[in-house]
Amino acid sequence: MPTTALTQVRPGHGRYAPSPSGDLHLGNARTALLAWAYARLDGLAFLLRIEDLDRVQPGAAERQCEDLRLLALDWDEPPVRQSQRTAHYEAALGRLREGGMVYECYCSRRDIQDSPRAPHLPPGAYPGTCRDLDEHQRAAGRERLAASGRKPALRLRGEGASTIHDRFHGELTLPVDDVVLRRGDGVIAYNLAVVVDDGLQHVTQVVRADDLLSSAPRQAALARLLGYAVPEYVHVPLVLSEDGRRYAKRDGDLTVRALLAAGCPPEEIVGALAASIGVPGARTADEVLGRLDPAARLEVWWPHTGDSPLTSRV
Ligand code: GLU
Ligand code: ZN
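Procedures and definitions
Residues numbered from 1 in each chain as written. Chains lettered and ligands numbered in written order. Predicted model: local features only at pLDDT ≥ 70, side-chain atom pairs only at ≥ 80, totals over all residues. Heavy atoms only, no water. Buried < 20%, exposed > 50% of the residue type's maximum accessible area, 1.4 Å probe, protein only. Helix = DSSP H or I, 4+ residues; strand = E, 2+ residues; numbered from the N terminus. Pairing = 2+ DSSP bridges. Salt bridge = Lys/Arg side-chain N within 4 Å of Asp/Glu carboxyl O. Near = heavy atom within 4 Å. Polar contact = N/O pair within 3.5 Å; in protein donor to acceptor, adjacent residues only side chain to side chain. Areas by Shrake-Rupley, 256 points an atom, 1.4 Å probe, with all protein chains shown as cover. Nonpolar A, V, L, I, M, F, W, Y, C, P; charged D, E, K, R; others polar. Arc of directions from axis to C-beta. Donors = N, O, S within 2.8 Å, 3.2 Å for Na, K, Ca; no water. Tetrahedral: all angles 85-135°; square planar, octahedral: opposite > 155°, others 65-115°.

## Details of the pairing of strand β5 (residues 153-156)
Each regular strand displays side chains that alternate between the two surfaces of the sheet. Burial of β5 is two-sided: the residues Ala 153 and Arg 155 facing one way and the residues Leu 154 and Leu 156 facing the other way are all buried. The pairing of strand β4 (residues 102-105) with β5 spans four bridges and is classified as antiparallel. Each bridged residue has a counterpart across the sheet, and for Cys 105 the counterpart in β5 is Ala 153. Across two bridges, the pairing between β5 and strand β8 (residues 180-182) is antiparallel. For Arg 155, the partnering residue across the bridge sits in β8 and is Val 180.

Structure follows, in structure tokens:
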């Protein structure tokens, strides 16, 4: 049962898509709370998707789901795991290939770093080396890789620019780059998987941390190429560590799990998250839902500083 039936359930889904690379930290929990609340407030069903194509810590997905439940977040369908959806990604890749939108890339990371770059490209950007090779050059590229036991990566033949609309950031237009769709080791790249999943799962609202904002236009371009509707984007501020980096596992024990283990009640954790998103005094997810203004701008949050009572707990 959805926690709240404030509005009628509309077609379409919201989602939270954690990477199970470790335990849920406060930054993840805040994003999850927002994704859940915005979906519920819009009358959308809410999904959980485990993005486990890369960097998996065994057991982390189960622990993250458990922690979300302890914070009283709920979801409407069993979580899906990307590692079990390869056939969907390969099918989408096949369609892009048929449309002439994919090419093989034989470059190593080193090749890309060392190649002379057009001045308009940002550092580390792919310079397009393999985009227009002839059959002969491609065969040579394959051979060169095979000698070291590798396979070509597959890239999108990016064209033009793509515009998205974000609830907080407004319109954003960026050139569509030649993003990797399948890596040389055969692993499907995040940018393809996320678009295929959001498309097939009828995700109409994407809430996530704003370090992914600049990926949204290329993801929207991929969605359009694959015939999926482009979702509404809601990029929310990152939670930062003391020195201003993205809050991460290495920032120690500000995980939901460690806080609970240290005797911090769930209401205190939710209370701190709620205060950081403009709902001071709310102690449960349902109370957040009752009072959250979905249009209110959010601030970056440093859980280490200010009046957060959590840091003294661990
Ligand atoms: N799995 C990504 C992360 O944990 C989020 C991807 C997304 O929401 O599109 O950062
Ligand atoms: Zn290349």
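## Regarding the pattern of salt bridges
Under the definition given, this model contains 23 salt bridges. Note that Arg 15 is salt-bridged to Asp 198, the shortest N-O span being 3.0 Å. Here the residue Arg 15 occupies a position in strand β1 (residues 10-16), and Asp 198 occupies one in helix α6 (residues 190-200), the gap between them amounting to 183 residues. In this pair, the class of Arg 15 matches that of Asp 198, namely buried. Residue Arg 131 pairs with Asp 178 through a salt bridge whose shortest N-O separation is 3.0 Å. A residue pair is termed long-range when its members are at least 10 positions apart, and Arg 131 in the loop between α4 (109-114) and α5 (135-147) and Asp 178 in the loop between β7 (170-175) and β8 qualify at 47 residues.

## Some thoughts on unusual backbone geometry
Phi angles above zero are rare outside glycine, and Arg 55 is one such case at about 50°. Tracing the backbone through its elements, the reader meets Arg 55 in the loop between β2 (44-50) and α2 (60-70).

## Considerations on the site of ligand 1
Residues in contact with ligand 1, as listed here, are Arg 15, Ala 17, Ser 19, Glu 51, Tyr 190, Val 194, Arg 208 and Leu 212. One of the side-chain nitrogen or oxygen atoms of Arg 15 is found 2.6 Å away from an oxygen atom of ligand 1. One nitrogen or oxygen atom from the side chain of Glu 51 is found 2.6 Å from a nitrogen atom belonging to ligand 1. Protein coverage of the free-state accessible area of ligand 1, which is 300 Å², stands at 82%. In terms of residue class, the shell around ligand 1 is built from four nonpolar, one polar and three charged.

## Observations concerning α2
If you check which residues of α2 are buried, you get Ala 60, Ala 61, Gln 64, Cys 65, Asp 67 and Leu 68. One side of α2 carries all its buried residues, which in axial view fall inside an arc of 160°. Count one or two residues on from α2 and you reach Ala 72, which has phi positive near 70°.

## Details of the environment of Gly 158
Tracing the backbone through its elements, the reader meets Gly 158 in the loop between β5 and β6 (161-166). By relative accessible area, which is 10% here, Gly 158 ends up buried. Remark: the alpha-carbon pair of Gly 158 and Leu 192, spanning 34 residues in sequence, is separated by 13 Å.

## Details of the coordination of the zinc ion (ligand 2)
In this structure, Cys 105 (SG), Cys 107 (SG), Tyr 126 (OH) and Cys 130 (SG) serve as the protein donors to the zinc ion (ligand 2), at separations of 2.2 to 2.3 Å. Angles of 98 to 123° at the metal separate the four donor atoms of the zinc ion (ligand 2), which places the site in the tetrahedral class. Of note, the zinc ion (ligand 2) draws all its donor residues from one chain, in the sequence arrangement C-x1-C-x18-Y-x3-C. Of the two residues, Cys 107 is situated in the loop between β4 and α4 and Cys 130 in the loop between α4 and α5; the sequence distance between them amounts to 23 residues. You'll find Cys 107 and Cys 130 in the same group, each marked buried.

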